[in-house]
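As a plain string of letters, each chain reads:
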Amino acid sequence: MTLKIMKCLIRSFTRDGTKFFNSTVRCVSSVPKMKVVQGMNGEQIIQSPYENVPLPNITLPEYVWKNVNSYSNNVALECGLTGRRYTYGEARDNCNYIARSLSKLGIKNGDIVALILPNLPETPIAFLACLEAGAIVTTANPYYTVDELSKQLSVVSKKLSAVITSTEIASTVATAAKSVLSDNCPFIVVDDGIQSSFVKPNALNFNDLIEMGKTLPQLPSSSRSPKEVSIIPFSSGTTGLPKGVMLSDENLVSNLEMLLNTAGGEFFTKTDEEQDVFPIVLPMFHIFGMNCVTFSRLADGAKLVTLPKFTPESYISTLEKNKVTGLFLVPPILLFLTSSTLAKKHHLDHVKFVFSGAAPLSDTDFERFMEKFETSIKCCQGYGLTESSPAAFIEMSGKKYASIGKPVSNCQARLVDIETKKDISKPHKSGELWISGPHIMKGYFDNVEATKETLENGWLKTGDVAYFDEDGDFFISDRIKELIKVKGFQVAPAELEGILRTHPCIAEAAVIGVKDAKAGELPKAFVQLKKDKETSEEEIQNFMKGKVSEYKELRGGVTFLKEVPKSSTGKILRSKLKNNL
């Protein structure tokens, strides 16, 4: 991957019948450092200030491995806990061997393989191997409960043909998959170095598949087009329960090139003599850790040190043992580095940039971080969604910490007034943020209604409320959607409300997010008890434990109401709940 921003001609393109960048659009705004053009239907389309680049028509594995021979002896992946590692040559070969074995096991083009793995060196190898075999990868949080995993797997159950997991969580995953996976479907287990008593008849060892693949013939070239669906991560979208987001190789590769063209010259400036080193603690099942970090940096020959989950000790140990050159973070990790006595100035001696995403940080958060480490490291944040592969905005100046910056290369934006539905082209006026470009999803898996609600003529309705200033820098001020973001993870109120209503004392429940300095937000419940029933806040909080992941627990508290406020149509009036906090 080249590290210089190429000077490329702006190409016109058509997306869902709406044409941009041609003679039919005209400039209609005088906002400094920002260009707004009028679309065919009067849309006020906010252009990226970065040059558009021609995008390669290749698959994600082809993109990641395209320069692998240039650094085949360099370490690609290393476990931050056990130290096991793979060079680039080994990683590429093992990916190919696994792909051959999957094909031998009956996995064919269009089959779905569930990848339920923590951050291990084998995780991206397994991921890319599935794609190379022609399968579609769906990812899930490896620390979900049985019920949570079962619900997610049931969405794709009609095409689910195999599961890949690790020894630590294999028992949970096997229980969850029992109802949706037939007995003869491959259940593949990666040895993560953690002792486990898990025993499943016919379970396959990941390393055995590597050995078997060495004896099998090369696979024929895949007939799957880069435009076809290749991964299905899950997102709650603008509202409701999690939905499978259909992304193609074209979406993912486009976003990687868009990121490179926007930020490559600023963030990734290694020389031929040195190798960038990144701790990979952001979960690979999440689109940010998956595409922006893991695949982006593998395509550039970096060394990735994987951590299955964040713990203060393992993270600091990784910084201590490695000359880390950049940090991809979510807000809780940056706040940890700022406040923890374990984090020392020398840990960041080689760090050139800090990039935060998934949830917003304030000016003061960054300022306190820089003050502690007495550093001029470039700090900034970006914005994106699973539905946009994910990167859509990046703040590149390193000065407006609270801003998400401007649209990345090849990405366009609109602000749409929530009440009038008219486009906004004036500074400091808020509207719903819409985005468009080659990185936008194809839709939600097996959910036509949700797709229609979210996509309109190629525009993705983000559900987030934003505004821009006189420089054309965007700020997220609120969100229409009801999602709660805890440490960068999405929590759907509807899911928690459904569980709360199974409590024998609860008649109705509503859940909202309340602000928290460390987590960003925490789920808080408002409950209406059944007649003549009594319970306590602590009892309800304990009732939720074990039914949901830890970050979904009601750490924001429980408030008892005589009646949960609703509209005439039965919709919970969350704004009233927030106003009474």
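Residues numbered from 1 in each chain as written. Predicted model: local features only at pLDDT ≥ 70, side-chain atom pairs only at ≥ 80, totals over all residues. Heavy atoms only, no water.

Colleague: So what about the overall build of the protein chain? Which residues, and what values?
Modeller: For the protein chain, the helix and strand inventory stands at 15 helices and 33 strands. For 581 residues, the compact-globule estimate of 2.2 N^0.38 gives 25 Å, and the protein chain sits close to it at 24 Å. Of the contacts formed within the protein chain by residues at least 6 apart in sequence, a portion of 69% connects residues at least 24 apart. Accessible area for the protein chain stands at about 24600 Å²; split by element, carbon and sulfur atoms hold 49% of it. Side-chain charges in the protein chain split into 68 positive and 66 negative, and the spacing between the mean points of these groups amounts to 3 Å. (Helix = DSSP H or I, 4+ residues; strand = E, 2+ residues; numbered from the N terminus. Rg over C-alpha atoms; globule rule 2.2 N^0.38 Å. Contact = heavy atoms within 4.5 Å. Areas by Shrake-Rupley, 256 points an atom, 1.4 Å probe, with all protein chains shown as cover. Lys, Arg positive; Asp, Glu negative; His and termini not counted. Charge placed at Lys NZ, Arg CZ, Asp CG, Glu CD.)

Colleague: Account for the pairing of strand E27 (residues 459–468), with residues named and values stated.
Modeller: Burial of E27 is extensive: nine of the 10 residues sit out of reach of the surface. Hairpin remark: strand E26 (residues 455–456) followed by E27, antiparallel, with two residues in the connecting loop; positive phi at Asn457, about 55°. Remark: five residues form the turn of the hairpin made by E27 and strand E28 (residues 474–479), two consecutive strands paired antiparallel; Gly472 in that turn has positive phi of roughly 80°. (Buried < 20%, exposed > 50% of the residue type's maximum accessible area, 1.4 Å probe, protein only. Pairing = 2+ DSSP bridges.)

Colleague: How would you sum up the environment of Met212? Please name residues and give values.
Modeller: Tracing the backbone through its elements, the reader meets Met212 in helix H6 (residues 206–214). Considered as a pair, Met212 and Lys518 are 306 residues apart in the sequence and their alpha carbons are 47 Å apart.

Colleague: Can you break down the nonpolar core residue by residue, with the values?
Modeller: The tendency in soluble globular proteins is for nonpolar side chains to be buried side by side. With 121 residues, the main nonpolar core has Tyr315, Leu327, Leu337 and Ile435 as its most contacted residues. Dropping the residues within four chain positions of it, Leu327 is found in contact with Pro279, Tyr315, Leu319, Leu337, Leu348, Val351, Phe353, Val354 and Phe355. Judged by nonpolar contacts, the second largest core, of 48 residues, contains Val156, Ala170, Ala509 and Ala525. (Core = buried A, V, L, I, M, F, W, Y, C linked by side-chain atoms within 4.5 Å.)

Colleague: So, helix H11 (residues 363–373): which residues are in play, and what are the values?
Modeller: Owing to its 3.6 residues per turn, the α-helix aligns residues three or four sequence positions apart on the same side. Asp365, Phe366, Phe369, Met370 and Phe373 are the residues of H11 that are buried. Taken down its axis, H11 places every buried residue within 125° of arc, on the same side. Tucked into the core, H11 has its buried residues touching helix H10 (331–339), strand E18 (353–356) and strand E19 (378–384). Two residues or fewer after H11 comes Glu374, characterised by a positive phi angle close to 45°. (Arc of directions from axis to C-beta.)

Colleague: How would you sum up the confidence of the model for the protein chain? Please name residues and give values.
Modeller: With 93% of its residues at a pLDDT of 70 or more, the protein chain has an overall mean of 89. Low confidence marks residues 1–32, where pLDDT is under 50. Its contacts with residues over four positions away, or in another chain, come to 80 contacts. (pLDDT = per-residue confidence, 0-100.)

Colleague: Explain helix H9 (residues 312–321) to me, using residue names and the numbers behind them.
Modeller: Within the sequence span of H9, burial applies to Ser314, Tyr315, Ile316, Thr318 and Leu319. Looking at the buried side of H9, the elements it contacts are strand E15 (277–280), strand E16 (303–306), strand E17 (326–329) and H10.

Colleague: Give me the pairing of strand E14 (residues 243–248): which residues, what numbers.
Modeller: The element E14 is largely enclosed, with a buried count of six among its six residues. In the sheet, strand E12 (residues 229–232) pairs with E14 via two bridges, with the strands oriented antiparallel. When the bridges of E14 are listed, Ile231 appears paired with Leu247. Summarising the sheet, strand E13 (residues 234–235) and E14 pair through two bridges and their orientation is antiparallel. Its bridge partner being in E14, Ser235 is matched across the sheet by Lys243. As defined by bridge partners, E14 adjoins strand E25 (residues 443–444) across two bridges and the pair is classed as antiparallel.

Colleague: Kindly report on the pattern of salt bridges, identifying the contributing residues and their values.
Modeller: The final tally for this structure, using the stated rule, is 23 salt bridges. One salt bridge connects Glu495 with Lys552, and the closest N-O pair in it is separated by 3.0 Å. Remark: Lys552 occurs in the loop between helix H14 (537–544) and strand E33 (558–561) and Glu495 occurs in helix H13 (residues 493–500); sequence separation between them is 57 residues. Glu495 sits in the buried class, given a relative accessible area of 10%. A relative accessible area of 2% means that Lys552 is categorised as buried. (Salt bridge = Lys/Arg side-chain N within 4 Å of Asp/Glu carboxyl O.)

Colleague: Describe empty space enclosed by the protein, listing the residues and the values that go with them.
Modeller: Evaluation of the coordinates by the stated rule reveals five cavities of 30 Å³ or more. Considered as a void within the structure, the largest cavity measures approximately 270 Å³ in volume. Surrounding the largest cavity, 21 residues form its lining, Tyr144, Phe234, Ser235, Phe285 and Gln490 being those nearest its centre. Only E13 and strand E30 (489–491) provide two or more residues apiece to the lining of the largest cavity. By residue class, the composition of the lining of the largest cavity is 10 nonpolar, nine polar and two charged. Looking at the second largest cavity, its volume works out to about 90 Å³. Around the second largest cavity, the lining residues are Leu259, Ala263, Phe267, Phe268, Cys292, Ser296, Phe328, Phe355 and Ile394. Those elements that provide at least two residues to the lining of the second largest cavity are helix H7 (249–267) and helix H8 (287–298). Ranked by residues supplied to the lining of the second largest cavity, first place goes to H7 with three residues. Grouping the amino acids of the lining of the second largest cavity by side-chain chemistry returns eight nonpolar, one polar and no charged. (1 Å grid on protein atoms, 1.4 Å probe; cavity = no way out; pocket = protein on both sides within 12 Å on 5 of 7 lines; lining within 4 Å. Points joined across faces, edges and corners; volume = space filled by probe spheres on them. Nonpolar A, V, L, I, M, F, W, Y, C, P; charged D, E, K, R; others polar.)

Colleague: With reference to specific residues and values, describe the packing of helix H2 (residues 88–104) against helix H3 (residues 122–132).
Modeller: Two elements in contact, H2 and H3, have axes whose closest approach is 8 Å; the angle formed by their N-to-C orientations is 50°. Accordingly, the angle class assigned to the pair H2 and H3 is oblique. Here H2 runs over H3; the crossing is right-handed. Residues Ala91, Arg92, Asn94, Cys95, Asn96, Ile98, Ala99 and Leu102 of H2 form the contact with H3, whose participating residues are Ile125, Leu128, Ala129, Cys130 and Glu132. Within the contact of H2 with H3, the residues separate by chemical class into nine nonpolar, two polar and two charged. (Axes fitted to C-alpha atoms, helices over the stretch in contact; angles between N-to-C directions. Parallel < 35°, antiparallel > 145°, perpendicular 65-115°, else oblique. Left-handed = near helix turned anticlockwise from the far one by under 90°.)

Colleague: With reference to specific residues and values, describe the side chain of Asp192.
Modeller: Mapped onto the elements of the fold, Asp192 is located in the loop between strand E10 (187–190) and strand E11 (204–205). Reaching out from Asp192, the side chain makes a polar contact with the side chain of Ser166 at a distance of 3.2 Å. A distance of 3.0 Å separates a polar side-chain atom of Asp192 from the backbone nitrogen of Glu168. (Polar contact = N/O pair within 3.5 Å; in protein donor to acceptor, adjacent residues only side chain to side chain.)

Colleague: Account for the sheet that holds E18, naming residues and giving values.
Modeller: Strand order across the open sheet formed by five strands is E17-E18-E19-E20-E21, with mixed pairing between neighbours. Unpaired on one side and paired on the other, E17 and strand E21 (406–407) mark the two borders of the sheet. Across three bridges, the pairing between E19 and strand E20 (residues 391–394) is antiparallel. Note that in E20 the partner of Tyr383 across the bridge is Phe393. Lying over the sheet, H7 contacts E18, E19 and E20, oriented at roughly 25° with respect to E20.

Colleague: Explain the packing of aromatic side chains to me, using residue names and the numbers behind them.
Modeller: For the coordinates displayed, the defined rule picks out 17 aromatic pairs. Between Phe328 and Phe353, the ring centres sit 5.4 Å apart and the planes meet at 75°, which makes this aromatic pair edge-to-face. Of this pair, Phe328 sits in strand E17 while Phe353 sits in strand E18, and the two are 25 residues apart along the sequence. An identical accessibility class is assigned to Phe328 and Phe353; each is buried. Considering the side-chain rings of Tyr467 and Phe475, the 5.2 Å spacing of their centres and the 10° angle between planes classify their relative orientation as stacked. By relative accessible area, Tyr467 is classed as partly exposed at 22%. Chaining the aromatic ring pairs together yields one cluster made of Phe278, Phe288, Phe328, Phe353 and Phe355. For Lys309, the ring lying beneath its charged end belongs to Tyr143, and the centroid distance is 4.3 Å. One Lys or Arg, Lys547, reaches over the ring of Phe543 and ends 4.0 Å from the middle of that ring. (Phe/Tyr/Trp six-rings, centres within 6.5 Å; stacked < 30°, edge-to-face > 60°. Lys NZ or Arg CZ within 6 Å of the ring centre and 35° of its normal.)

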